[in-house]
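# Topology and contacts: notes
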Amino acid sequence: YDVSLTVKEQMVEDTDTKTDFMTISEEGTWLGAVSSDWFEEDNWSCATIPDLSGAPFDIIISATATFNPQITTDGAKFRNITIENGAELTIVNGTTVQVFGNWINNGAFNAGNSLIDFRGVACEISGTSVTAFQNIKITSGGQLTGPSGTMQVAGDFDADGTFVHNNGTVVFNGAAEQTISGSAGSLTFFDIEIINTSDGIILDRTVNVAGNMTFTTGILFTDAVNLLTVLDGGTSTTGDDDSYVDG
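Heads up: these notes are all about the structure in this document. (Residues numbered from 1 in each chain as written. Predicted model: local features only at pLDDT ≥ 70, side-chain atom pairs only at ≥ 80, totals over all residues. Heavy atoms only, no water.)

### Regarding the packing of aromatic side chains
Enumeration according to the criterion identifies 13 aromatic pairs in this entry. Summarising the aromatic geometry, the rings of tryptophan 30 and tryptophan 44 are spaced 5.1 Å apart at their centres and angled 80° between planes, so their arrangement reads as edge-to-face. Here the residue tryptophan 30 occupies a position in strand E3 (residues 29-30), and tryptophan 44 occupies one in the loop between E3 and strand E4 (59-61), the gap between them amounting to 14 residues. Look at tryptophan 44 and you get buried, because its relative accessible area is 2%. The interplanar angle of 75° and the centroid separation of 4.9 Å between the aromatic rings of tryptophan 38 and tryptophan 44 together place this pair among those described as edge-to-face. Grouped by ring-pair contacts, the aromatic residues Trp30, Trp38, Trp44 and Phe78 constitute a single cluster. (Phe/Tyr/Trp six-rings, centres within 6.5 Å; stacked < 30°, edge-to-face > 60°. Helix = DSSP H or I, 4+ residues; strand = E, 2+ residues; numbered from the N terminus. Buried < 20%, exposed > 50% of the residue type's maximum accessible area, 1.4 Å probe, protein only.)

Next up, the structure:
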């Protein structure tokens, strides 16, 4: 902001203008001024940390920050998150992060072994970057809308709440055993691709596919109760010796 001060005394008038003299901020912008520590108040505008101590609010991971943020322990909570182009968010140490709004990834996200717990009633994943999650949970009473493009899940997918597929693709690409579970009444994906390079994917609930089921690498384990159903109008690749349904 430009600030101008005008002083008048009888017939004499003088004006002094200062450029970029005043900065007005609102809470929720990652500045990264002193370190990469998410829980350091000096790294946030208005010194307000998005954590469990208060109501969730919108946050922006700024591409102009001095340090990119790292979440190294449980306790992070926010409403909508925007990762700007050129910015990077990293989560480590098996940390759980609570999200009550939209996940907009236009930059880079390093999931580590984290769990992203979507708890809001109208959460949505979007952005110009493909988000590669480790573990996803949709809490009971919550709703998550997937991207219209692609998202990746390298760990478990736990749907106690509602998942809206948005005609997008979910790629299960873990390097260890993965589980699809949850207590939601139904779970329907549009496109699924299996690229598991280890012990495969276990269905711990019934899963529907409305679009295409693609077997690339890895085994999908079902049983008499926890079935994979390709809905009317959907398709599936035939698979091969390295990728198929076992059940």
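### Let's talk about the side chain of serine 114
Within the fold, serine 114 resides in the loop between strand E11 (108-110) and strand E12 (115-118). Residue classification places serine 114 among the buried positions, given a relative accessible area of 1%. At 2.7 Å, the side chain of serine 114 forms a polar contact with the backbone oxygen of alanine 111. Setting aside residues no more than four positions away along its own chain, serine 114 makes contact with Ile91, Gly94, Thr95, Phe109, Gln134 and Asn135. (Polar contact = N/O pair within 3.5 Å; in protein donor to acceptor, adjacent residues only side chain to side chain. Contact = heavy atoms within 4.5 Å.)

### Overview of the environment of alanine 63
Along the chain, alanine 63 falls in the loop between E4 and strand E5 (70-71). Expressed as a C-alpha distance, the spacing of alanine 63 and glycine 107, which sit 44 residues apart in the sequence, is 8.4 Å. For alanine 63, the contacting residues outside a window of four places in its chain are Glu84, Asn85, Gly86 and Ala87.

### Here's the deal with the environment of isoleucine 59
Following the sequence through the fold, isoleucine 59 ends up in strand E4. The class for isoleucine 59 is buried, based on a relative accessible area of 1%. Spatially, the C-alpha atom of isoleucine 59 lies 7.7 Å from that of glutamate 27, the residues being 32 residues apart in sequence. Once residues within four sequence positions are removed from consideration, isoleucine 59 is found in contact with Gly28, Trp38, Trp44, Pro50, Phe78, Asn80, Ile81 and Thr82.

### Brief notes about the nonpolar core
Core analysis: the biggest nonpolar cluster contains 48 residues, and Trp38, Trp103, Phe118, Phe157, Phe172 and Phe189 have the highest contact counts within it. In this structure, phenylalanine 172 is in contact with Val153, Phe157, Gln178, Ile180, Phe189, Ile192, Glu193, Ile194, Ile195, Asn196 and Ile201, ignoring residues within four places of it in sequence. (Core = buried A, V, L, I, M, F, W, Y, C linked by side-chain atoms within 4.5 Å.)

### Quick look at the environment of threonine 217
Relative to the assigned elements, threonine 217 resides in strand E26 (residues 212-217). Classification of threonine 217 by relative accessible area gives partly exposed; the value is 28%. Expressed as a C-alpha distance, the spacing of threonine 217 and aspartate 240, which sit 23 residues apart in the sequence, is 8.7 Å. Residues contacting threonine 217, with those up to four places away along its chain left out, are Ile194, Ile195, Asn196, Thr197, Asp242 and Ser243.

### A short note on the sheet that holds strand E28 (residues 228-230)
Reading across the sheet, the 3 strands line up as E22-E25-E28 and stay open at both edges, with parallel pairing between neighbours. Sheet topology places strand E22 (188-189) and E28 at the edges, where each strand pairs with a single neighbour. With 3 bridges connecting them, strand E25 (residues 207-209) and E28 associate as parallel partners. Considered in E28, the bridge of valine 209 is made with valine 230. (Pairing = 2+ DSSP bridges.)

### Some words on the pattern of salt bridges
Oppositely charged side chains may form a pair once their charged atoms are brought near each other. The final tally for this structure, using the stated rule, is 4 salt bridges. Note that arginine 119 and aspartate 117 form a salt bridge whose closest N and O atoms lie 2.7 Å from each other. Among the residues examined, arginine 119 registers a relative accessible area of 33% and is labelled partly exposed. When the shortest N-O distance is used, the salt bridge between aspartate 158 and lysine 137 registers 3.2 Å. With a gap of 21 residues between them, aspartate 158 in strand E18 (residues 157-159) and lysine 137 in strand E15 (residues 135-138) connect regions that are remote in the sequence. (Salt bridge = Lys/Arg side-chain N within 4 Å of Asp/Glu carboxyl O.)

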